[in-house]
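Fold and contact review
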2 protein chains.
Amino acid sequence: MVAGSGTDSIRAMKRAADLDRLTAGAELIEPADGLESKLAKGRALRVKHGIDPTRPDLHLGHAVTLRKLRQFQDAGHLAVLIIGDYTARIGDPSGRSELRGPMSTDEIEANATTYLEQAGKVLRTDDGALEVRRNSEWLAPMGMDDVLRLTAGVTVAQMLERDDFHKRYADHKPISLVEFLYPLLQGQDSVAVIADVELGGTDQTFNLLMGRELQKAAGQDPQIVLTMPLLEGTDGVRKMSKSYDNYVGITDEPKEMFGRLMRVPDGLIAKYVRLGSALGRDVADQIDRGIADGSLKAVEAKRRMAREVVDLYHGMGAGRQAEAEFDRVHKEHQLPDEVEELALPPLAINEQGRVWLPRLVATAGLAPSNAEARRQIEQGGVRLDGEALTDPALELAPEELRGKVLQVGRRRFVRIV
Amino acid sequence: MVAGSGTDSIRAMKRAADLDRLTAGAELIEPADGLESKLAKGRALRVKHGIDPTRPDLHLGHAVTLRKLRQFQDAGHLAVLIIGDYTARIGDPSGRSELRGPMSTDEIEANATTYLEQAGKVLRTDDGALEVRRNSEWLAPMGMDDVLRLTAGVTVAQMLERDDFHKRYADHKPISLVEFLYPLLQGQDSVAVIADVELGGTDQTFNLLMGRELQKAAGQDPQIVLTMPLLEGTDGVRKMSKSYDNYVGITDEPKEMFGRLMRVPDGLIAKYVRLGSALGRDVADQIDRGIADGSLKAVEAKRRMAREVVDLYHGMGAGRQAEAEFDRVHKEHQLPDEVEELALPPLAINEQGRVWLPRLVATAGLAPSNAEARRQIEQGGVRLDGEALTDPALELAPEELRGKVLQVGRRRFVRIV
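Residues numbered from 1 in each chain as written. Chains lettered and ligands numbered in written order. Predicted model: local features only at pLDDT ≥ 70, side-chain atom pairs only at ≥ 80, totals over all residues. Heavy atoms only, no water.

1. Here we look at the side chain of A:Asp196
Residue and element names in this part refer to chain A. Threshold: A run of H or I in DSSP becomes a helix once it reaches four residues, and a run of E becomes a strand once it reaches two; helices and strands are each numbered from the N terminus. A simple rule labels every residue: compare its accessible area, found with a 1.4 Å probe on the protein chains alone, to the largest value its type can have, and call it buried under 20%, exposed over 50%, or partly exposed in between. In protein, a polar contact means a hydrogen-donor-capable atom and an acceptor-capable atom, both N or O and within 3.5 Å, with residues adjacent in sequence counting only if both atoms are side-chain atoms; elsewhere, any N or O pair within 3.5 Å suffices. What makes two residues a contact is simply this: any of their non-hydrogen atoms within 4.5 Å.
Looking at the element boundaries, Asp-196 is found in the loop between helix H9 (177–193) and strand S5 (197–201). Judged by relative accessible area, which is 6%, Asp-196 ranks as buried. A polar contact is formed between the side chain of Asp-196 and the side chain of Arg-43, at a distance of 2.9 Å. Within the structure, Asp-196 has its side chain in polar contact with the backbone nitrogen of Arg-46 (distance 2.8 Å). If we ignore the near neighbours within four places in the chain, the residues touching Asp-196 are Lys-38, Arg-43, Ala-44, Leu-45, Arg-46, Gln-223 and Ile-224.

2. Thoughts on the side chain of A:Thr65
Secondary-structure assignment places A:Thr65 in helix H3 (residues 60–74). Apart from the residues lying within four places of it in its own chain, the contact partners of A:Thr65 are A:His49, A:Leu199, A:Gly200, A:Gly201 and A:Met228.

3. What to know about the relation of the copies chain A and chain B
The cut-off we apply is this: Alignment of copies: least-squares fit on C-alpha atoms of residues with pLDDT of at least 70 in both copies.
Between the two copies, chain A and chain B, the superposition gives an RMSD of 0.3 Å; the rotation angle is 178 degrees and the shift along the axis is 0.2 Å. The operation mapping one copy onto its partner corresponds to a two-fold rotation axis. The rotation axis passes nearest to the C-alpha of A:Gly143 in chain A, at a distance of 2.3 Å. Looking at the interface residues of chain A, 100% of them are also at the interface in chain B, so both copies use one shared face.

4. A look at the sheet that holds strand S1 (residues 28–30) of chain B
Residue and element names in this part refer to chain B. Put simply, the test is: In this description, strands pair whenever DSSP reports at least two bridges between them. Here the axes come from fitting lines to C-alpha atoms, over the contacting stretch only for helices, and the angles between their N-to-C directions go from 0 to 180 degrees.
Taken together, the six strands give an open sheet; going across it, the order is S1-S6-S5-S2-S3-S4, and neighbouring strands pair in mixed fashion. Where the open sheet ends on each side, the last strands, each with one partner, are S1 and strand S4 (130–134). The mean angle between the axes of side-by-side strands here comes to 20 degrees, regardless of whether they run parallel or antiparallel. As judged from the three bridges shared by strand S2 (residues 46–51) and strand S5 (residues 197–201), these two strands associate in the parallel manner. Paired with His-49 across the bridge in S5 is Leu-199.

5. Some thoughts on the packing of helix H12 (residues 269–276) of chain A against helix H13 (residues 281–293) of chain A
All names here are of chain A. Operational definition: Angles below 35 degrees are treated as roughly parallel, those above 145 as roughly antiparallel, those between 65 and 115 as roughly perpendicular, and all remaining angles as oblique. Under the grouping applied here, Gly and all other residues not named as nonpolar or charged are polar, the nonpolar ones being Ala, Val, Leu, Ile, Met, Phe, Trp, Tyr, Cys and Pro and the charged ones Asp, Glu, Lys and Arg.
Where H12 meets H13, the closest approach of the two axes is 9 Å, and the angle between their N-to-C directions is 175 degrees. Judged by the inter-axis angle, H12 sits roughly antiparallel to H13. Across from Ile-269, Ala-270, Val-273 and Arg-274 in H12, the residues of H13 making contact are Ala-284, Asp-285, Ile-287, Asp-288 and Ile-291. Partitioning the contact of H12 with H13 into residue classes produces six nonpolar, no polar and three charged.

6. As for the packing of helix H3 (residues 60–74) of chain B against helix H14 (residues 298–314) of chain B
Residues and elements named next belong to chain B. Heads up, the rule is: Note: crossing handedness is left-handed where the near helix turns anticlockwise from the far helix by less than a right angle, and right-handed where it turns clockwise.
Relative orientation of the contacting elements H3 and H14 amounts to 65 degrees, with a least axis distance of 14 Å. Put simply, H3 runs roughly perpendicular to H14. Of the two elements, H3 crosses H14, and the hand of that crossing is left-handed. For the pair H3 and H14, contact is made by Leu-60, Ala-63 and Arg-67 and by Val-309, Leu-312 and Tyr-313, respectively.

7. Some words on the interface of chain A and chain B
In many reports, interface size means the accessible area that the parts give up when they come together. What counts here: A simple way to read buried area is as the amount of 1.4 Å-probe accessible surface that goes missing from two parts once joined, with both sides added. When a carboxyl oxygen of Asp or Glu lies within 4 Å of a side-chain nitrogen of Lys or Arg, that pair is called a salt bridge.
Listed by partner, the interface residues are 29 residues for chain A and 29 residues for chain B. Summed over both sides, the interface between chain A and chain B buries roughly 2,500 Å², with carbon and sulfur atoms accounting for 75% of that surface. If you sort the residues of chain A by the area they bury against chain B, A:Met144, A:Val156 and A:Leu177 come out on top, with a joint share of 28%. Between chain A and chain B we count two salt bridges in total. A salt bridge links A:Arg89 to B:Asp145; its shortest N-O distance comes to 3.5 Å. Counting every contact that joins chain A to chain B gives 17 residue pairs in polar contact (both at pLDDT 80 or more).

So yeah, pure geometry; function would need other evidence.
Laid out in structure tokens, this is it:
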């Protein structure tokens, strides 16, 4: 009896530790006590996470949830990774303000292949820890009857309550009816794989909850929804995405990765540590406090964050090497470690939303006039991230500028944010 | 040459006469000159009309469009009657303010059988004049890919522009997502049968126009949309429908049909003549004018209308017989031909939307108090359409009362409208 109780209490302590680790950093767990109950069953849980192969590369933003999924694997659960090869044909409208064109099957297949390779850098891929499924397996054979059954269970008002749909409808931006099917198909994935838990970014909350509804309708015990915060890109403004050129790819070379991470605004360093590195919450909190009370220089914190992220994807010591390489290149190009940040001046952006280089240089205060800025450009005195720009007619998109260092002559620098 | 021109001009005159007959009474023809162009092709047109077998009986409301379809047959065109056995499973949300539950396949099949029998009373059924198709033929085999293609071409805002959806959304009444699929499926019917023209009631305008869009997307010459006015039921208020008990079934017995038609409010007699009988527009206009200037008693006009409608469905002379039967029964029950009409008093309707008989009798002014009304009821002195109601606790739905004659004692009558 006594021994039994001892074993029980050890089990209970392990479960409490697991729960603590698995819920760390989560934005939402629905229902709040749901994960605890599922863990108490004592069996390996089926933990679903879906990725639509709409881009060829995974980045640190994807990795936030993938790393949470890895924690579930490490605690003895099964990761069920859904490659949304069918849903990619619609394109998840979550969080987007525009309709995207449909993708070709070839593109989707190519992306799916690279996704799997890349996900293997985060997830354990041994049998028993990872199950990979493509949702065309169950979605493509669905017929009109299934569609009627699925769509009968949800109302238009429920759909329009979703933030992004609501906003687009209110702004008179078109929402294609096919986009209303997306959450239902993603929910159907949960039914197909009999998910116990589904992980996703906060922009996936609606879709994940839809999975619970469809599972209930199918007579299944509904999945626990666990969402992770979204990681802003290196511009510090938008969600990380290849299309904004504000991303850090998880297969980027160490030097490239380190350089991109050094563009992260000071205010986001702790968040990158928390969501993007293997350092614990305590270190992230220390960094927050250190920067706040002045005991830690932001640039040192940023270097540590960048080293840690590089180590995570390229092995211990890779961060230190990348840093040395970064310093060497910067010394050559005479870029200082600390550069004043400058919000892209609104006056520098023309009506077409483009930035004319001479005006940028002038409005940034790096030249007294457009004319003088042109002269500097023509003479090769203007550089962007160390690269000389010599065409005075050059127009750039704001996305091409953000996070980069604009340099005029040998001593004047700003980082465009 | 002269003879040729003569033939051409005879053809042109025939086409003009056809056009005049075929467009008579139409509420909308879209595009306005479209039917003329299609007729000018000189070939038999494929004229589509769809009916969902959601009820076992066709009524005069359905017949308005069926009779227009018959005119197309008589002009040498092919009627393509779509039995919406598949769409009935969704239920056309057009014009309804509530979501309806799904129907069983058995019910749908039984209704489809009676519909076809009954439609044969209006349409020519000889080969070459009628093609009957069930839309499960092409809708049931559709797959998810087809659904994605169909739904990608239409926006949520377009759907919510439809009057009934707009109103339900604004009133916070649920619209199931499956209802948004209905117009697309009905439109797909037009693609499947390669319709040249589609006929429907005005409440079908949106769905019929959707057929044009889908035909264009499928590379077809889009159908001409021709809508007919809706016929109010015998209550003079709502669209004719079995569920409101305000209908005249096209297979009703002559006596029943005549009796129901005699409940039509005076203001609708000419419309019933125009849309429900074989009498021409001129007669309907005469009736309108005659009632207005007092040269024609409304009850005489109503009797003529009722005789003509009965003749149409039961053969020449059947109307006169039904009228005699009606008079004999009314004499027995001492119901007068002309009865004062009374709008159902709002005070008679309780919070549950039901009408308690004694209160109705009292608020209608046929008894001085609820107590006296109860006494009359218990003594068998209260009749509804000649039938004694002896339960003083009886509660009725407003639909069960409208169009009927409430009688107290031998001399007091009102017709509830």
